[in-house]
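The chain contents come next:
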Amino acid sequence: MAGKLFVVATPIGNMEDITLRALRVLREVDVVFAEDTRHTVGLLKHHQIEKPLMSCHDFNEAKQASEVARRVLAGERVALVSDAGTPLISDPGFRVVRSCLEQGAEVEVVPGACAAVAALSVSGLPTHEFHFLGFLSNKSVAAERKLRESASLEGTLIFYESPFRVVRTLEQIAAVFPARRVVVARELTKKFEEIVCGTATEVLAAFQTKKPKGEFVILIGPEER
């Protein structure tokens, strides 16, 4: 059987949010390359799957890209997963996929959960055009510059943020986009899922009274005309 790389989406929180196809592929592959093997082994155990695991993260991806391509060209079926959601979306994997494609190895996507799209679908913001910005820089000046550069873009802006910087980021959004509608989606699909809507100042107030926890998606609506 010819080798193939499968880019497999995994749950962003709720363990039930994985497709039947993803489970079948994970059972059938020869090896799973994971962002954090300690995290992925829990997912596999939950679904009673036992597979060899190898790491593929930000610090070793360049090396592992050639290893994955070698294995696929040798006839192995390889799954690539991140800790949560769709691989490559603000997660490692770009070099792996490109290496396989450049060497003529077959790549197949097994789509599923993605925090950015999940947040957009429940935001109440326009969905006909949107721009995913990933994570803003952890440097305040660079982050604010990115926000100001994005002000001219049409559609909804989407990016991820950590609990440690979300308050600072909302303060910057309030300065750059004082009149736009802002939505913060926290802990999507998990027990304490929370969606907060309003102006940046209103949303900021909701997170100034308590220590932010969890994973955050921030969305900024387009300028209303």
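This text goes with the structure placed above it.
Residues numbered from 1 in each chain as written. Predicted model: local features only at pLDDT ≥ 70, side-chain atom pairs only at ≥ 80, totals over all residues. Heavy atoms only, no water.

Colleague: Account for the environment of Arg145, with residues named and values stated.
Modeller: Locating Arg145 in the fold gives a position in helix 6 (residues 140-150). Between the alpha carbons of Arg145 and Ala69 there is a distance of 38 Å; along the sequence they are 76 residues apart. (Helix = DSSP H or I, 4+ residues; strand = E, 2+ residues; numbered from the N terminus.)

Colleague: So, helix 1 (residues 20-28): which residues are in play, and what are the values?
Modeller: If you check which residues of helix 1 are buried, you get Ala22, Leu23, Val25 and Leu26. Along the axis of helix 1, the buried residues cluster in a sector spanning 165 degrees; they form a single face. Packed against the buried residues of helix 1 are strand 1 (4-8), strand 2 (31-34), helix 2 (37-46), strand 4 (77-81) and strand 5 (107-110). (Buried < 20%, exposed > 50% of the residue type's maximum accessible area, 1.4 Å probe, protein only. Arc of directions from axis to C-beta. Contact = heavy atoms within 4.5 Å.)

Colleague: Give a description of the packing of aromatic side chains that names residues and reports values.
Modeller: For the structure on display, the rule yields 3 aromatic pairs. Each ring, one from Phe135 and one from Tyr160, has its centre 5.6 Å from the other, and the planes form 65 degrees; the classification is edge-to-face. Taken together, the positions of Phe135 in strand 6 (residues 130-135) and Tyr160 in strand 7 (residues 156-161) put the pair 25 residues apart, joining distant regions of the chain. For Tyr160, a relative accessible area of 10% translates into the label buried. Put simply, the rings of Phe132, Phe135 and Tyr160 pair up and form one aromatic cluster. (Phe/Tyr/Trp six-rings, centres within 6.5 Å; stacked < 30°, edge-to-face > 60°.)

Colleague: Go over the sheet that holds strand 8 (residues 181-186), please, and point to the residues and values.
Modeller: Across the sheet, which stays open at both edges, the 5 strands sit in the order 6-7-10-8-9 with mixed pairing between neighbours. A single partner strand is all that each edge strand has here, and the edge strands are strand 6 and strand 9 (194-199). Taken pair by pair, the neighbouring strands of this sheet meet at an average axis angle of 15 degrees, ignoring direction. Taken together, the 6 bridges between strand 8 and strand 9 define a ladder with antiparallel strand orientation. Within strand 9, the position partnered with Val184 by the bridge is Val196. Across the face of the sheet, helix 7 (residues 166-176) comes into contact with strand 7, strand 8 and strand 10 (216-220) while running at roughly 5 degrees to strand 10. Its contacts with the sheet put helix 8 (residues 200-208) on strand 8, strand 9 and strand 10, and the angle it makes with strand 9 is roughly 140 degrees. (Pairing = 2+ DSSP bridges. Axes fitted to C-alpha atoms, helices over the stretch in contact; angles between N-to-C directions.)

Colleague: Just give me the short version of unusual backbone geometry, but keep the residues and values in it.
Modeller: Within the chain, Gln48 stands out as a residue other than glycine whose phi angle is a positive 55 degrees. Positive phi outside glycine occurs at Thr189, with the angle close to 70 degrees. Looking at the secondary structure, you find Thr189 in the loop between strand 8 and strand 9. Accessibility expressed as a relative area gives 23% for Thr189, which makes it partly exposed.

Colleague: Tell me about the pattern of salt bridges, and name the residues and values.
Modeller: One pass over the full model with this rule turns up 14 salt bridges. Between Arg24 and Glu28 there is a salt bridge, with the nearest N and O atoms lying 3.1 Å from each other. Residue Arg24 and its partner Glu28 are both found in helix 1; the two are separated by 4 residues, about one turn of the helix. Taking the relative accessible area as the measure of exposure, Glu28 reaches 41% and is therefore partly exposed. Residue Glu161 is joined to Arg165 by a salt bridge in which the shortest nitrogen-to-oxygen separation is 3.2 Å. Judged by its relative accessible area of 1%, Glu161 is buried. (Salt bridge = Lys/Arg side-chain N within 4 Å of Asp/Glu carboxyl O.)

Colleague: If you had to explain the sheet that holds strand 2 to someone new, which residues and values would you point to?
Modeller: In space, the 5 strands of this open sheet follow the order 3-2-4-1-5, with parallel pairing throughout. The outermost strands of the open sheet, each flanked by one partner alone, are strand 3 (53-55) and strand 5. Across the sheet, the mean angle from the axis of one strand to that of its neighbour is 25 degrees, orientation sign disregarded. Here strand 1 pairs with strand 5 via 4 bridges, running parallel. Looking at strand 5, one finds that Leu5 is bridged to Val107. Relative to strand 3, helix 2 is tilted by about 150 degrees, and along the sheet it contacts strand 2, strand 3 and strand 4. Running over the sheet, helix 4 (residues 94-102) touches strand 1, strand 4 and strand 5 and is turned about 150 degrees from strand 1.

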